[in-house]
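Observations on chain architecture
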Amino acid sequence: MRKLKVAILPTSLRTWLEAMAHNLDTTSDNAAALLPKLAEAGLFRLGVPALLGGHGGHVNDAIAGVAAVSEHSLAAGFVFWGQRTFIEYLLQSPNEALRDRLLPDVLAGRRAGATGLSNAMKFLAGIEGLQIKAIKTGGSHRIDGQLPWVTNLRSSGFDVAAAIQADGNNPAFVASLSSEDRGLERSVDLDLMAMRATSTAAVKLDNVRIGADRILHYNASEWLPKVRPAFLGLQCAMAIGLARRSIAETTSRLKEGRDILHEPSEALTNALVKAEAQLQEGLRGKSFERSPAKLFELRIGLAAITAEAVQLELSAAGGRAYLTQPGEGFQRRLREGAFIPIITPSLVQLKTALEARQQPQPASEIA
């Protein structure tokens, strides 16, 4: 069975992530340092065409990078996901001028890129309406609304993608908003129980004005299905990295009187390798654009593998996992694992969307 390519992180970055993982999880002290550290390693350039300043390759290479980082710190993997997903929007946008203007700074980590499209992905699946509205006034749009939860909103400056309900009978569109926009207000960091260095906050929009030069795509319903595979695929990478690390921790203890865990550990490893291969093949063949349900199911399955891997690590570690110092790494992974099911769209939302797809629909509504 073919395994998803494993990214090799520079030793300096691996060492830093291992040393800072607890701090990144429990405080925001090093939030400002995280994005530059990932950029210095060239990670945001994975899967980006060389002509646009990248390392070339495929989005699968970026997924391998997110998984590798997430093995050491899910907080770092989450920031990586947000930045690289915003980069993917720029790559897939027909607005080349906007891409050329923003891409160099986000690739270099000088500027944060955030994906505020979690609400949009739920909108696309029929789960909820859009939370941002626009009224066209002359050649610009007046935007009002909110994004209650967005990651990678660095206080030093960011750009965030948002889906916006247009006025009248016009379709919803996707635009890039800037932290410098008048009327855009970033909240203080949300009081998370873990992954606190991720610059996660809310955004309020009050009479924000943007022109056509800021629009990533004029038709959200047409464009989002094309970017959704990368959006969810990069999310899957976070689960892959966390599961891989917990399995490795379990395997390292199998000779300590816990050989009974060898069989479930091997079974879990095989399940993870199979899921990785399915993810890679689906993205490369673009089958997830045609059949998004398969990607939903894969994301749900990877969350289950991750939860089982973390619990298997607990069984392997025994009582040491419950002690503050020797159990610090496991305790962090336990908190990280609790986040995997609720990343938007959450598992409940994905299951709801799958169930809705299985319901009979009138012929006129079948896409």
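In what follows, the structure referred to is the one given above.
All of the points below concern the structure found in this document.

Reading guide: rules and limits
- Residues numbered from 1 in each chain as written.
- Predicted model: local features only at pLDDT ≥ 70, side-chain atom pairs only at ≥ 80, totals over all residues.
- Heavy atoms only, no water.
- Phe/Tyr/Trp six-rings, centres within 6.5 Å; stacked < 30°, edge-to-face > 60°.
- Helix = DSSP H or I, 4+ residues; strand = E, 2+ residues; numbered from the N terminus.
- Buried < 20%, exposed > 50% of the residue type's maximum accessible area, 1.4 Å probe, protein only.
- Core = buried A, V, L, I, M, F, W, Y, C linked by side-chain atoms within 4.5 Å.
- Pairing = 2+ DSSP bridges.
- Salt bridge = Lys/Arg side-chain N within 4 Å of Asp/Glu carboxyl O.
- Axes fitted to C-alpha atoms, helices over the stretch in contact; angles between N-to-C directions.
- Contact = heavy atoms within 4.5 Å.

Evaluation of the coordinates by the stated rule reveals six aromatic pairs. With a centroid separation of 4.9 Å and 65° between ring planes, the pair formed by Phe78 and Phe339 is classed as edge-to-face. Here the residue Phe78 occupies a position in helix α4 (residues 74-92), and Phe339 occupies one in helix α11 (residues 328-339), the gap between them amounting to 261 residues. Accessibility expressed as a relative area gives 3% for Phe78, which makes it buried. Owing to a relative accessible area of 9%, Phe339 belongs among the buried residues under this scheme. An aromatic cluster is built from Phe78, Trp81, Trp149, Phe231 and Phe339, whose rings are joined through pairwise contacts.

For the rest of this paragraph, the subject is the nonpolar core. Counting residues in each nonpolar core, the largest one holds 117 residues, and the members touching the most others are Leu38, Tyr89, Ile143, Leu224, Met238, Leu279 and Leu302. Among the elements that line this core, the one with the most residues is helix α7 (residues 220-251), at 16 residues.

Further remarks concern the pairing of strand β2 (residues 132-137). Pairing between β2 and strand β3 (residues 140-150): six bridges, direction antiparallel. Along β3, the bridge assignment pairs Ile135 with Arg142. Count of turn residues in the β2/β3 antiparallel hairpin: two residues, of which Gly138 carries a positive phi of about 70°.

Moving on, we get to the pairing of strand β5 (residues 173-178). A large share of β5 lies buried, amounting to six of its six residues. Residues Phe173, Ala175 and Leu177 point to one face of β5 and Val174, Ser176 and Ser178 to the other, with burial holding for every one of them. Sheet topology note: the strand β4 (residues 158-164)/β5 ladder contains six bridges and is antiparallel. Bridge pairing links Asp159 to Ser178 in β5. Pairing of β5 with strand β8 (residues 215-217) involves two bridges; the strand directions are antiparallel. Paired with Ala175 across the two strands is Ile215, which belongs to β8.

Next up on the list: the pattern of salt bridges. Enumeration over the complete set of coordinates arrives at 17 salt bridges. In this structure, the salt-bridge partner of Arg99 is Asp100, at a minimum N-O distance of 3.0 Å. Between Arg253 and Glu249 there is a salt bridge whose closest N-O contact spans 3.6 Å. You'll find Arg253 and Glu249 in the same group, each marked buried. The network of salt bridges with common partners includes Glu18, Arg245, Glu249 and Arg253.

Okay, the sheet that holds strand β6 (residues 184-186) next. Strand pairing in a sheet relies on backbone hydrogen bonds, with the paired strands running either antiparallel or parallel. Read across the sheet, four strands follow the order β2-β3-β7-β6 without closing on themselves; strand pairing throughout is antiparallel. Of all strands in the sheet, those bounded by a partner on one side alone are β2 and β6. Strand-to-strand twist of the sheet, defined as the mean angle between neighbouring strand axes without regard to direction, takes the value 10°.

This part takes up the sheet that holds β8. One open sheet holds the four strands; their spatial order is β1-β4-β5-β8, and the pairing between them is mixed. Among the strands making up the open sheet, the edge pair consists of β1 (112-115) and β8. Across this sheet, the average inter-strand angle for adjacent strands is 25°, counted without regard to direction. Lying on the sheet, α7 is in contact with β1, β5 and β8; it crosses β5 at an angle near 65°.

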